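Understanding the architecture of this molecule
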Amino acid sequence: MNTLLGRRTRVLAATTATAGLVLVSVSACTSTDNGGSGSKTAAGGVQLVKGGQLTTCTHLPYPPFQSDVGGKVQGFDVSLVDLVAKDLGVKQDILDTPFENFKTGAFLNAGQCDLAAAGMTITEERKKNVDFSDPYFDATQAVLVDKKSGVNSLADLKSKKVKLGAQAQTTGEEYAQKQGFDPVSFESSDAVLNGLRSGQVKAVIIDYPVVQGWLKTKANADAFKVVDNLNTGEQYGFTVKKGNTKLLAAVNKAITDAKADGTYKKLYEKWIGPYDESAAAPSASPSSS
């Protein structure tokens, strides 16, 4: 994750590394294994951690991929995973969890989630801990600055020694560090935007779709501008526990079908913006962030 969109006060948030909050209600059911609504075995023989539901770990907020809208978690990632759940004959249930767990696969390995969807970049390092789906989104990193900062490029940030911010544990932060910056680290994208608004930092590096969302708000568009859009070769993928081949196949099938029947395009335009044809047929996932 790295990324894509203003933020609201969190209504629901994870408070420890071992607990998440259920954000999407599902019907109560028994944990039988007879193929009914309460079965832990879904269509295609996919094993689920809880009967009758596909449990998804995410990290809020990260619009347009996932955020709480009117008490319901919605977004591009959520909509795509809903397609997986539909194919499996179950409903999606969402847990809000700390982002660092997505890099280690902790919640997947602990059997608390079936899959993770958090606008997460596919990297070789992360592949050591989890299995990634096919890429479902090509991402770039944006440099967003305060219009009063006098910054007009990434190079300006260095030469003018402007204080830069980024979201912790993301490829945006890693990119900034590789470029020789020592960015202020924020726990969430919400906090990144607040840091920019409050003047704690004068510029940030974060996924471009997130920035697109922020700039839809007039106050943000009046105050901030994009001065660089960095093509870092990043692609997003969903993750499952290593070796969970049946669920991985179901996820990949849902992505492929959505691109083939036009559903992907509709969801892209709804949550992200004008459709980029390359997003529907991404190249092979990159080896690094």
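What you are looking at is a predicted structure, and each value in this text was computed from that prediction instead of being measured. (Residues numbered from 1 in each chain as written. Predicted model: local features only at pLDDT ≥ 70, side-chain atom pairs only at ≥ 80, totals over all residues. Heavy atoms only, no water.)

This part is about the packing of helix α1 (residues 76-88) against helix α10 (residues 245-261). Contact pair α1 / α10: the axes reach a minimum separation of 9 Å and the direction vectors enclose 115°. Classed by the angle they form, the pair α1 and α10 counts as roughly perpendicular. Regarding α1 and α10, the two cross each other, and that crossing is right-handed. Counted together, Leu-83, Val-84, Asp-87 and Leu-88 of α1 and Leu-247, Ala-250, Val-251, Ala-254 and Ala-258 of α10 form the full contact between these two elements. A class-by-class count of the residues in the contact of α1 with α10 yields 8 nonpolar, no polar and 1 charged. (Axes fitted to C-alpha atoms, helices over the stretch in contact; angles between N-to-C directions. Helix = DSSP H or I, 4+ residues; strand = E, 2+ residues; numbered from the N terminus. Parallel < 35°, antiparallel > 145°, perpendicular 65-115°, else oblique. Left-handed = near helix turned anticlockwise from the far one by under 90°. Contact = heavy atoms within 4.5 Å. Nonpolar A, V, L, I, M, F, W, Y, C, P; charged D, E, K, R; others polar.)

Moving on: helix α7 (residues 189-198). Each turn of an α-helix holds 3.6 residues, which means side chains three or four residues apart point in the same direction. Those residues of α7 lying buried are Ser-189, Asp-190, Val-192, Leu-193, Gly-195 and Leu-196. Just beyond α7, the residue with positive phi is Gly-199, at close to 85°. (Buried < 20%, exposed > 50% of the residue type's maximum accessible area, 1.4 Å probe, protein only.)

A few words on the state of the cysteines. Scanning the entire structure with this criterion turns up 1 disulfide. Covalently, Cys-57 is tied to Cys-113 through a disulfide, its sulfur atoms 1.8 Å apart. Across the S-S bond of Cys-57 and Cys-113 the torsion is about 60°, and the bridge reads as right-handed. Remark: Cys-113 occurs in the loop between α3 (106-109) and β6 (115-116) and Cys-57 occurs in strand β2 (residues 53-58); sequence separation between them is 56 residues. Judged by its relative accessible area of 2%, Cys-57 is buried. (Disulfide = S-S within 2.5 Å.)

Interpretation of this model should avoid reading the predicted coordinates in detail wherever pLDDT is low. Averaged over every residue, the pLDDT of the protein is 83; residues scoring 70 or more account for 82%. Confidence drops under pLDDT 50 across residues 1-36; counting only partners more than four residues distant or on other chains, this segment forms 131 contacts. Considering only residues more than four positions removed or in separate chains, one finds that residues 279-289, a stretch of pLDDT under 50, has 32 contacts. (pLDDT = per-residue confidence, 0-100.)

Next up on the list: the packing of α1 against helix α11 (residues 263-271). Contact pair α1 / α11: the axes reach a minimum separation of 9 Å and the direction vectors enclose 155°. As the angle between them shows, α1 and α11 are arranged roughly antiparallel. By crossing handedness, the relation of α1 to α11 is classed as right-handed. Residues Phe-76, Ser-79, Leu-80 and Leu-83 of α1 form the contact with α11, whose participating residues are Thr-263, Tyr-264, Leu-267, Tyr-268 and Trp-271. Class assignment of the residues belonging to the contact of α1 with α11 gives a composition of 7 nonpolar, 2 polar and no charged.

Once that is clear, we can look at the pattern of salt bridges. On inspection of all chains with the given rule, the structure shows 7 salt bridges. We note a salt bridge from Lys-103 to Glu-174, for which the minimum N-O separation is 3.7 Å. Here Glu-174 lies in helix α6 (residues 171-178) and Lys-103 lies in helix α2 (residues 100-104), a separation of 71 residues in the sequence. Where Glu-124 meets Lys-127, a salt bridge forms, and the shortest distance between an N and an O atom there is 3.2 Å. (Salt bridge = Lys/Arg side-chain N within 4 Å of Asp/Glu carboxyl O.)

Within this structure, the stated rule accounts for 14 aromatic pairs. Seen from their ring centres, Phe-65 and Phe-137 are 5.3 Å apart, and the 80° between their planes marks the pair as edge-to-face. Linking Phe-65 in the loop between β2 and β3 (67-69) with Phe-137 in strand β8 (residues 137-146), this pair joins segments that are 72 residues apart in sequence. With respect to burial, Phe-65 and Phe-137 carry one shared label: buried. Chaining the aromatic ring pairs together yields one cluster made of Tyr-62, Phe-65, Phe-76, Tyr-136, Phe-137, Tyr-236, Phe-238, Tyr-264 and Tyr-268. Of note, Lys-158 hangs over the ring of Phe-181, and the distance from its end group to the ring centre comes to 5.5 Å. (Phe/Tyr/Trp six-rings, centres within 6.5 Å; stacked < 30°, edge-to-face > 60°. Lys NZ or Arg CZ within 6 Å of the ring centre and 35° of its normal.)

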